[in-house]
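What follows is the residue order along each chain.
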Amino acid sequence: MLTGKQKRHLRSMAHSLQPIFQVGKGGTNEHMVKQISEALERRELIKISVLNNNLDDPQEIAEELAKGAGAELVQLIGRTIILYKESREYKQIELP
């Protein structure tokens, strides 16, 4: 579980990132969760955008992806999700 200070630090780091995944009309599936989990292992911090043609609640999508990938939901702002998961092999981010 991340503290407020840690989330603030991660949000500032994520500000310059571009979304590397998009959740479209089809929603989420196992394959997408697996890819997100692999990307988190490499990058630790990623952004995901929920497209306008997806009618599901972005909060539910964020929680589903975080739970499936074993990650922490750092922030959900509008239709942009920021996830963090500490990498075992490629650790780059030092949390305060």
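The rules we used
- Residues numbered from 1 in each chain as written.
- Predicted model: local features only at pLDDT ≥ 70, side-chain atom pairs only at ≥ 80, totals over all residues.
- Heavy atoms only, no water.
- Pairing = 2+ DSSP bridges.
- Helix = DSSP H or I, 4+ residues; strand = E, 2+ residues; numbered from the N terminus.
- Axes fitted to C-alpha atoms, helices over the stretch in contact; angles between N-to-C directions.
- Salt bridge = Lys/Arg side-chain N within 4 Å of Asp/Glu carboxyl O.
- Buried < 20%, exposed > 50% of the residue type's maximum accessible area, 1.4 Å probe, protein only.
- Contact = heavy atoms within 4.5 Å.
- Parallel < 35°, antiparallel > 145°, perpendicular 65-115°, else oblique.
- Left-handed = near helix turned anticlockwise from the far one by under 90°.
- Nonpolar A, V, L, I, M, F, W, Y, C, P; charged D, E, K, R; others polar.

1. Here we look at the sheet that holds strand β3 (residues 72–77)
Pairing is mixed across the open sheet formed by 4 strands, whose spatial order is β1-β2-β4-β3. Looking along the sheet, the strands with just one partner apiece sit at the ends: β1 (21–23) and β3. Averaged over all pairs of adjacent strands, the angle between strand axes in this sheet comes to 25°, irrespective of strand direction. Pairing of β1 with strand β2 (residues 45–50), which is carried by 3 bridges, proceeds in the parallel orientation. The residue of β2 that forms the bridge with Gln 22 is Ser 49.

2. Considerations on the pattern of salt bridges
Under the definition given, this model contains 2 salt bridges. Here Glu 38 ties to Lys 34 by a salt bridge, and the two come within 3.0 Å at their closest N and O atoms. Within this pair, Glu 38 and its partner Lys 34 are both found in helix α2 (residues 30–43), separated by 4 residues, close to a single helical turn. For Glu 38, a relative accessible area of 45% gives the class partly exposed. With relative accessibility at 52%, the residue Lys 34 sits in the exposed group.

3. A word on the environment of Ala 66
If you trace the backbone, Ala 66 turns up in helix α3 (residues 58–69). Ignoring any residue separated from it by four or fewer positions in sequence, one finds Ala 66 in contact with Ala 71, Leu 73 and Leu 83.

4. Let's talk about the packing of α2 against α3
Direction vectors running N to C along α2 and α3 enclose 65°, while the axes themselves pass 9 Å from each other. Compared by their axis directions, α2 and α3 come out roughly perpendicular. Between α2 and α3 lies a crossing whose hand is right-handed. Contact residues: Met 32, Val 33, Ile 36, Ser 37 and Leu 40 in α2; Leu 65, Gly 68 and Ala 69 in α3. Residue classes in the contact of α2 with α3 are distributed as 6 nonpolar, 2 polar and no charged.

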